Amino acid sequence: MSLTPDQLRRIALLARIEVSDAEQRGVTERLNAVLGLIDQLQAVDTRGIEPMSHPLDGRLPVRQRLRADEVTEADRREAYQKGAPAAEKGLYLVPKVIE
Amino acid sequence: MLNSTLSALGAALAAKQVSAVELTGLFLARIRALDGKLNAFITVDEEHSLAQARVADERRSHGAAGPLTGIPVAHKDIYCTRGLRTTCGSRMLAAYTSPYDAHVIERFDAAGAIQLGKTNMDEFAMGSSNETSHFGPVRNPWDTARVPGGSSGGSAAAVAARMAPAATGTDTGGSIRQPAALSGVSGLKPTYGVVSRYGMIAFASSLDQGGPLAKSAADLALLMNTMAGFDARDSTSLERPAEDYGRELNLNLAGLRIGLPKEYFGDGLEPDVRACVREATRWFEGQGAKMIEITLPNTALAVPVYYVIAPAEASSNLSRFDGVRYGHRAGEYADLAEMYRRTRAEGFGTEVKRRILIGTYVLSHGYYDAYYLQAQRARRLIAKDFAEAFARCDLIMGPTSPTTAFALGAKADDPVQMYLNDIFTIPAPLAGLPGLSIPCGFDATGLPVGLQIMGDYFAEAKMLGAAHRYQQATDWHLRAAREAPL
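Because the structure is predicted, anything quoted here is derived from the model rather than measured. (Residues numbered from 1 in each chain as written. Chains lettered and ligands numbered in written order. Predicted model: local features only at pLDDT ≥ 70, side-chain atom pairs only at ≥ 80, totals over all residues. Heavy atoms only, no water.)

1. Things to note about the packing of aromatic side chains
Residues and elements named next belong to chain B. So the rule is basically this: Each pair of aromatic rings taken from Phe, Tyr and Trp, with Trp reduced to its six-membered ring, is defined by centres within 6.5 Å and is described as stacked if the planes are under 30 degrees apart, edge-to-face if over 60, and tilted in the remaining cases. Secondary structure follows DSSP: runs of H or I at least 4 residues long count as helices, runs of E at least 2 residues long count as strands, and numbering of each begins at the N terminus. Relative accessible area decides the class of each residue, using a 1.4 Å probe on protein chains only: under 20% of the type maximum gives buried, over 50% gives exposed, and in between gives partly exposed.
As enumerated under the stated definition, the model contains 19 aromatic pairs over all chains in all. With a centroid separation of 5.1 Å and an interplanar angle of 55°, the aromatic rings of Trp142 and Phe442 are classed as tilted. Here Trp142, found in the loop between strand E3 (114-119) and helix H5 (153-160), pairs with Phe442, found in strand E10 (residues 435-442); they are 300 residues apart in sequence, far enough to count as distant. The pair Trp142 / Phe442 is uniform in exposure class, with both members buried. Three or more aromatic residues joined by ring pairs make a cluster, and in this case those are Tyr96, Phe124, Phe321, Tyr326 and Phe348.

Right, here's the structure in full:
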């Protein structure tokens, strides 16, 4: 299938990536080439096959490991915020959201 | 010294023929001399490396040295390092320094290895040529007009040019094995869950696996003994007893059942690659191994399956890069939504954006079942192929890549051609299986060819044993790259 300009706009919005008008044609063209590749899967008969989300599923016992719900980390807020584009008084700064 | 194996370097350190400071200095000088041409490193901090080397020498003088103490190791710039910036090959993280170390880095530090620098890579490990790096392409040390492979192209080129005796990499769809093949070095992608993903910047979490690149299989075994191990901070890390990856280096090849999948020797394989791989398998046959023709009938589905699953997982993983907590933030924006959109448009390169968009699409309402669930079902078919094959053979052999190193720019603008080139390396990670690549000859123009050896879950020691036996009888792996003479 081929993407329409509306579909591309919708995907770009969901992905939070700005696609300029100048880029649109080239982006669509290459996305369509990739969609052509993955569309080959539509012809595969997978009736009765369970989706596989863990790569070892099926051959090895896979279980979700959960840890006890307790504090395991020390407070390193300052170190973590050192790389933030804008932080102040322990808070991350972003443009105003609520008027 | 530059062309020595890790065990030889370890012996020289132990015999006090060389100090860790001298050895580190030797490789730093080599990097200084060659990296202007090859661009294999993004960050080198000589003082940091030499300070670690002094500590290693001190440790040795106290009699507390292990096999890797004082050995310099280059790290793919996907592993978070507290002391060196971590860019993941992206503008998004061009100025990022991690507040913590990856588990793999902790393990090498604890072993007394020296961080030699951070190697160049395709942006967020998305690429097979190292051309998607924000820091420019890496050049192949055998022919600087060609790519080294990717995404761990900097690591492969660094080892090939003997700028580092060993390096770390990560493999999602071939990112250790393919650059190892194209650059003429040895590389291992372990079983999924063997090496912790903690602090390894995520691309596709159900596929990503760290592993080593080095000159020889014996060196890979030594590196695995340090890299592998349970880590509670990675939810898919496997709880298994520690193993010695070098325990089968003297593997008896007589009676070993080697599967040759017919799908790996079909059309599209360069004749020289076919000839080198065939000659290598004939060598194993000469040692008494039993060649078994097998079929992996769903091989052709691997690339389409991968290009649904990997972008889907990437679109989710990379949503964290929003210009709020770390990394790049756009300079101009009117509101929060625009800040996100512009930050991501500026911070990510073309290939990364393409994969995020594909992933977003296949996960979006109305397409999830047709693409994502269908790909996960087909993924199980691929895993079943391998399960049936490994009921009949101990190892599978074939080419790592259908071609030798291609020219810079040759596929850069054609994503589908680039993706299809990974046809032989994509299946193993979809099934979580280990695979390695070792040099097995050269094509008519003198470019290295890689032999891929795949094994069942946790068969790394056996795979390394087969590779080691081959490397004892051949010297492909010890040849110096043409444009980086010793």
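2. Side note on the nonpolar core
All names here are of chain B. Note the threshold: The nonpolar core is taken to be a set of buried Ala, Val, Leu, Ile, Met, Phe, Trp, Tyr and Cys residues, with the residues joined through side-chain atoms within 4.5 Å. Whether two residues touch is decided by their heavy atoms; if any such pair falls within 4.5 Å, the residues are in contact.
Among the nonpolar cores identified, the biggest contains 179 residues, and Phe124, Phe284 and Phe386 are the most heavily contacted of them. Looking at this core element by element, the count peaks at 10 residues for helix H9 (residues 302-317). With sequence-adjacent residues up to four places away left out, Phe284 is seen in contact with Leu253, Ile258, Ala289, Met291, Met397, Leu451, Ala466 and Tyr470.

3. Focus on helix H11 (residues 350-363) of chain B
Quick note on the threshold: The length a helix should cover is 1.5 Å for every residue beyond the first.
Between its first and last C-alpha atoms H11 of chain B spans 20 Å; for 14 residues at 1.5 Å apiece the expected length is 20 Å, and the two agree. Across the 14 residues that make up H11 of chain B, a large majority, 12, are buried. Taken residue by residue, H11 of chain B has Glu351, Val352, Lys353, Arg354, Arg355, Ile356, Leu357, Ile358, Gly359, Thr360, Tyr361 and Val362 of chain B as its buried positions. Close packing links the buried residues of H11 of chain B with helix H1 (5-15) and helix H2 (21-38) of chain A together with H9, helix H10 (336-347), helix H12 (368-389) and helix H13 (415-420) of chain B.

4. Notes on the pairing of strand E9 (residues 395-399) of chain B
Residues and elements named next belong to chain B. Stated precisely, the cut-off is as follows: Note on pairing: DSSP must find at least two bridges between two strands before they are called paired.
The buried count for E9 comes to five of five residues, which makes it a mostly enclosed element. Alignment of strand E7 (residues 257-261) against E9, held across two bridges, turns out to be parallel. Across the sheet, Gly259 pairs through a bridge with Ile396, a residue of E9. Both E9 and strand E11 (residues 448-455) contribute to a ladder of five bridges, which runs antiparallel.

5. Focus on the layout of surface pockets
The criterion, for reference: Cavities and pockets were defined on a 1 Å grid built over protein atoms only: a cavity is a set of grid points that admits a 1.4 Å probe from which the probe cannot escape, a pocket is an open set flanked by protein on both sides within 12 Å along at least five of seven lines, and lining residues are those with an atom within 4 Å of any such point. Grid points are joined across faces, edges and corners, and a volume is the space filled by probe spheres set on the points. Three residue categories are used. Nonpolar comprises Ala, Val, Leu, Ile, Met, Phe, Trp, Tyr, Cys and Pro, charged comprises Asp, Glu, Lys and Arg, and polar comprises the others, including Gly.
Here the largest pocket defines a volume of roughly 1,300 Å³. Lining the largest pocket are 41 residues; nearest its centre among them are Tyr100, Arg197, Tyr198, Gly199 and Arg233 of chain B. Class assignment of the residues belonging to the lining of the largest pocket gives a composition of 18 nonpolar, nine polar and 14 charged. Within this model, the second largest pocket holds a volume of roughly 360 Å³. What lines the second largest pocket is a set of 15 residues, and nearest its centre among them are Pro61, Val62 and Arg63 of chain A together with Ser237 and Leu238 of chain B. In terms of residue class, the lining of the second largest pocket is built from six nonpolar, five polar and four charged.

6. Considerations on empty space enclosed by the protein
All names here are of chain B. Scanning all chains against the criterion turns up two cavities of 30 Å³ or more. Considering only enclosed or pocket space, the largest cavity measures out at about 100 Å³ in volume. Residues of the lining of the largest cavity, tallied by class, amount to five nonpolar, 10 polar and two charged. Volume-wise, the second largest cavity comes out at about 30 Å³. Of all the elements in the fold, those that place two or more residues in the lining of the second largest cavity are helix H6 (177-183) and E11. The greatest single-element share of the lining of the second largest cavity, amounting to three residues, is contributed by E11. Counted by class, the lining of the second largest cavity contains five nonpolar, four polar and no charged residues.

7. Thoughts on the interface of chain A and chain B
Cut-off, in case you're wondering: Note on definitions: buried area is the accessible-area loss of two parts on being combined, 1.4 Å probe, summed for both. Pairs of N or O atoms are called polar contacts if they sit within 3.5 Å, as long as, within protein, a hydrogen donor faces a hydrogen acceptor (for residues adjacent in sequence, only side-chain-to-side-chain pairs).
Taken residue by residue, the interface counts 53 residues in chain A and 73 residues in chain B. Where chain A abuts chain B, roughly 5,400 Å² becomes buried across the two surfaces, and 66% of that area is made up of carbon and sulfur atoms. By the criterion of area lost to chain B, the three top residues of chain A are Leu41, Met52 and Arg65 of chain A, representing 13% of everything that side buries. The tally of links from chain A across to chain B stands at 21 residue pairs in polar contact (both at pLDDT 80 or more). Listed by contribution, the elements that provide at least two residues to the side of chain A that touches chain B are H1, H2 and helix H3 (77-81) of chain A. If you tally residues by element for the side of chain A that touches chain B, the top one is H2 of chain A, at nine residues.

8. With respect to a nonpolar patch on the surface
All names here are of chain A. Short version of the rule: Think of a patch as exposed residues, more than 30% relative accessible area, with no salt bridge, where like charges cluster within 9 Å and nonpolar side chains (Val, Leu, Ile, Met, Phe, Trp, Tyr) cluster within 5 Å. Note on areas: Shrake-Rupley, 1.4 Å probe, and residue coverage restricted to the protein chains presented here. A carboxyl oxygen of Asp or Glu within 4 Å of a side-chain nitrogen of Lys or Arg is what we treat as a salt bridge.
Residues Val94, Val97 and Ile98 make up a contiguous nonpolar surface patch of about 300 Å² in total accessible area. For Val94, the position within the fold is in the segment after strand E2 (91-92). The class of Val94 is partly exposed, set by a relative accessible area of 37%.

9. Here's the deal with the pairing of E7 of chain B
All names here are of chain B. Here is the rule we go by: Look down the strands so they point away from you; if going from the first strand over the helix to the second traces a clockwise path, that crossover is right-handed.
Most of E7 sits out of view: four of its five residues are buried. Judged from the five bridges that link them, E7 and strand E8 (residues 290-294) form a sheet pairing that is parallel. Residue Arg257 lies in a different strand from E8, and its bridge partner there is Lys290. Each parallel crossover has a hand, and for E7 linked through helix H8 (residues 271-286) to E8 it is right-handed.

10. What to know about the side chain of Asn298 of chain B
Residue and element names in this part refer to chain B. Topologically, Asn298 is positioned in the loop between E8 and H9. Assessed through its relative accessible area of 19%, Asn298 is described here as buried. Not counting residues within four places of it along the chain, the set of residues in contact with Asn298 comprises Leu381, Ile382 and Asp385.

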